[in-house]
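# Per-entry structural report
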Amino acid sequence: MAKPTQMTAMTVQKYGKYPVQKTSIPAPKIGDDDVLVKVVSASVNPLDFKIRNGDLKLVLPFSLPLILGNDFAGVVVAVGKNVKNFAIGDEVFVRTDTLRIGSFAQFIAINQHNLAKKPANLDFNQSASLPLVALTAIQAFDKMGIKSGDKVLIHAGAGGLGSVSIQIAKILGLYVATTASGKGLGIVKSLGADEVIDYKQENFEQKLKNFDFVLDTVGGETLLKSFKILKQGGKVISVAGIPTKDFAKEMGLSWVKQLIMGLISAKIHKTAQNYGTSYEFLFMKPSSKQLNIIKTWAEAGKLRPIIDQVFAFDDTQKALEYSESGRAKGKIVIEMG
């Protein structure tokens with residue numbers, strides 16, 4: 001196809017709980033190291049509504065108007081002059097560049113180092129559901145410094161991140177406990193969880209002990225209670241808790257923002273210290289290398305996408321509302337059509 005000049009996108013005009021707007025805008029231009037991809041399916045993540053609401057302004061300095069969408073699957077339609085490993089027509093799956101998001105659109109430009117060819121055995125919806133959550137799980141387990149046989153609690157195991165994290169934890173040889181409720185109980189058992197806590201009936205902090213790690217996807221009181229189940233030297237990695245000073249440094253934020261995050265995370269660090277444990281906040285990064293590991297696992301049948309619901313592109317706002325409701329079991333996907 002000819003390189004596009006215009007496209008349709010779902011845009012955020014200002015921060016807050018305002019509906020996304022369907023807008024016609026110029027198609028993105030590509031640099032020498034970029035690939036232009038026609039989006040076939042995009043995944044919805046809590047990160048999307050957090051960005052829209054302005055919750056992450058301190059960390060992610062986006063300009064408005066902004067196109068939401070942080071991962072997707074699609075077809076390459078153009079490549080920059082330095083691109084060697086991708087060609088027009090390749091089917092790919094991608095976690096967008098951290099500060100260059102926008103997969104709720106017909107086209108998106110991506111640095112070649114952030115994408116991979118999609119798993120051959122998965123369709124576009126399934127492939128789109130994996131990049132952000134699977135990369136998050138891999139990077140969380142890397143931060144933990146796991147070894148086979150370690151015990152990990154994964155909160156909200158039937159959610160988008162939880163359902164993939166359980167599978168990757170089992171691939172890596174971990175003993176997995178998880179929290180779920182309702183129909184989520186059956187889902188997490190089918191994914192291989194060794195121990196399942198019905199959080200509406202039981203308190204995980206009373207049922208579990210001597211765990212090595214916790215992957216926190218909930219934050220708040222759940223995060224604070226998580227330290228109680230760890231052995232000395234254990235660690236909580238959170239994607240939903242409070243960013244830390246170390247995270248601010250890692251992101252290259254100003255010393256002022258580093259100071260602010262040091263202050264707001266002081267309570268959680270103190271709690272961790274009281275239990276002889278530690279706490280880290282994780283904001284995952286794109287990685288072509290890790291996407292290829294995910295591709296290998298998917299093609300081997302070790303990692304299967306769990307999709308709750310597929311929405312049409314025109315229903316992107318409904319998809320975001322459903323994500324924000326917290327009711328989804330597995331991932332939410334938008335089909336461009």
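Residues numbered from 1 in each chain as written. Predicted model: local features only at pLDDT ≥ 70, side-chain atom pairs only at ≥ 80, totals over all residues. Heavy atoms only, no water.

### Some remarks on the packing of helix H1 (residues 46-53) against helix H12 (residues 316-325)
It is at 9 Å that the axes of H1 and H12 come closest, and there the two elements cross at 100 degrees. By the criterion of interaxial angle, the relationship of H1 to H12 is roughly perpendicular. Facing H1, whose interface residues are Pro 46, Asp 48, Phe 49, Arg 52 and Asn 53, H12 presents Gln 317, Leu 320, Ser 323 and Glu 324. Here the contact of H1 with H12 is built from residues that sort into three nonpolar, three polar and three charged. (Axes fitted to C-alpha atoms, helices over the stretch in contact; angles between N-to-C directions. Helix = DSSP H or I, 4+ residues; strand = E, 2+ residues; numbered from the N terminus. Parallel < 35°, antiparallel > 145°, perpendicular 65-115°, else oblique. Contact = heavy atoms within 4.5 Å. Nonpolar A, V, L, I, M, F, W, Y, C, P; charged D, E, K, R; others polar.)

### Remarks on the UniProt feature "domain: Enoyl reductase (ER)" (unreviewed entry) in the protein chain
Following the UniProt record, the feature "domain: Enoyl reductase (ER)" (unreviewed entry) maps to residues 16-334 here. Helix and strand shares over residues 16-334 are 33% and 26% respectively, and the end C-alpha atoms of the span are 21 Å apart. (UniProt positions renumbered as here; feature names shortened; annotations may be inferred.)

### Points about the nonpolar core
Phe 104, Phe 141, Val 152, Ile 168 and Ile 294 are the most contacted members of the largest nonpolar core, which has 109 residues in total. Counting residues per element, this core draws most heavily on helix H3 (residues 131-144), at nine residues. Beyond its immediate stretch of four places on either side in the chain, Ile 294 contacts Phe 93, Leu 130, Ala 134, Leu 135, Ile 138 and Leu 303. (Core = buried A, V, L, I, M, F, W, Y, C linked by side-chain atoms within 4.5 Å. Buried < 20%, exposed > 50% of the residue type's maximum accessible area, 1.4 Å probe, protein only.)

### Description of the sheet that holds strand E2 (residues 21-26)
In space, the three strands of this open sheet follow the order E2-E1-E4, with antiparallel pairing throughout. Each edge of the open sheet is held by one strand with a lone partner, namely E2 and strand E4 (66-67). (Pairing = 2+ DSSP bridges.)

### Re the side chain of Ser 43
Tracing the backbone shows Ser 43 in strand E3 (residues 34-44). At a separation of 2.5 Å, a polar atom in the side chain of Ser 43 contacts the side chain of Lys 331. Every residue in contact with Ser 43, bar those within four places of it in the chain, is listed here: Asp 48, Asp 71, Phe 104, Ala 128, Ser 129, Lys 331, Ile 332 and Val 333. (Polar contact = N/O pair within 3.5 Å; in protein donor to acceptor, adjacent residues only side chain to side chain.)

### Considerations on the pattern of salt bridges
Here the structure, examined in full by the defined rule, presents 19 salt bridges. Note that Lys 118 is salt-bridged to Glu 91, the shortest N-O span being 3.6 Å. Residue Lys 118 is located in the loop between strand E8 (115-117) and helix H2 (124-128), and its partner Glu 91 is located in strand E6 (residues 91-95); the two are separated by 27 residues in the primary sequence. For Glu 91, a relative accessible area of 37% translates into the label partly exposed. Glu 280 serves as the salt-bridge partner of Lys 235, at 3.0 Å between the closest nitrogen and oxygen. You can see Lys 235 sitting in strand E13 (residues 230-238) and its partner Glu 280 sitting in strand E14 (residues 278-281), a full 45 residues away along the chain. Each of the salt bridges in this network shares a partner with another, and the network as a whole consists of Lys 143, Lys 235, Glu 250, Glu 280 and Lys 285. (Salt bridge = Lys/Arg side-chain N within 4 Å of Asp/Glu carboxyl O.)

### Considerations on helix H4 (residues 160-171)
If you check H4, its first and last C-alpha atoms are 17 Å apart, about what twelve residues at 1.5 Å a residue would give, namely 16 Å. Across the twelve residues that make up H4, a large majority, ten, are buried. Taken as a whole, H4 has its buried residues at Gly 160, Leu 161, Gly 162, Ser 163, Val 164, Ser 165, Ile 166, Gln 167, Ile 168 and Ala 169. Directly after H4, the chain includes Gly 173, whose backbone phi takes a positive value near 85 degrees. (Expected span 1.5 Å × (residues − 1).)

### Here we look at the sheet that holds strand E12 (residues 211-216)
Taking strand neighbours across the sheet as the criterion, the six strands line up as E11-E10-E9-E12-E13-E14 in an open arrangement whose pairing is parallel. The sheet terminates laterally at strand E11 (195-198) and E14, the two strands that pair on one side only. The average undirected angle you get between the axes of adjacent strands in this sheet is 15 degrees. Here strand E10 (residues 175-180) runs beside E11; their pairing, made up of four bridges, is parallel. Considered in E11, the bridge of Thr 178 is made with Val 196.

### Things to note about the side chain of Asp 97
Within the fold, Asp 97 resides in the loop between E6 and strand E7 (107-111). With relative accessibility at 10%, the residue Asp 97 sits in the buried group. When neighbours within four sequence positions are excluded, Asp 97 is seen to be in contact with Ile 110, Asn 111, Asn 114 and Pro 286.

### Re the packing of aromatic side chains
Taken as a whole and assessed by the stated rule, the structure comprises four aromatic pairs. Ring geometry for Phe 311 versus Tyr 322: centroids 6.2 Å apart, planes at 50 degrees, classification tilted. Here Phe 311 is found in strand E15 (residues 307-312), whereas its partner Tyr 322 is found in helix H12, with eleven residues between them in sequence. Tyr 322 shares its class with Phe 311; the two are buried. Taken together through their ring pairs, the aromatic side chains of Phe 247, Phe 281 and Phe 283 make up a single cluster. Above the plane of the ring of Tyr 18 lies Lys 14, whose end atom (NZ or CZ) is 4.7 Å from the centre. The residue whose ring lies beneath Lys 118 is Phe 124, and the NZ or CZ to ring-centre distance is 5.1 Å. (Phe/Tyr/Trp six-rings, centres within 6.5 Å; stacked < 30°, edge-to-face > 60°. Lys NZ or Arg CZ within 6 Å of the ring centre and 35° of its normal.)

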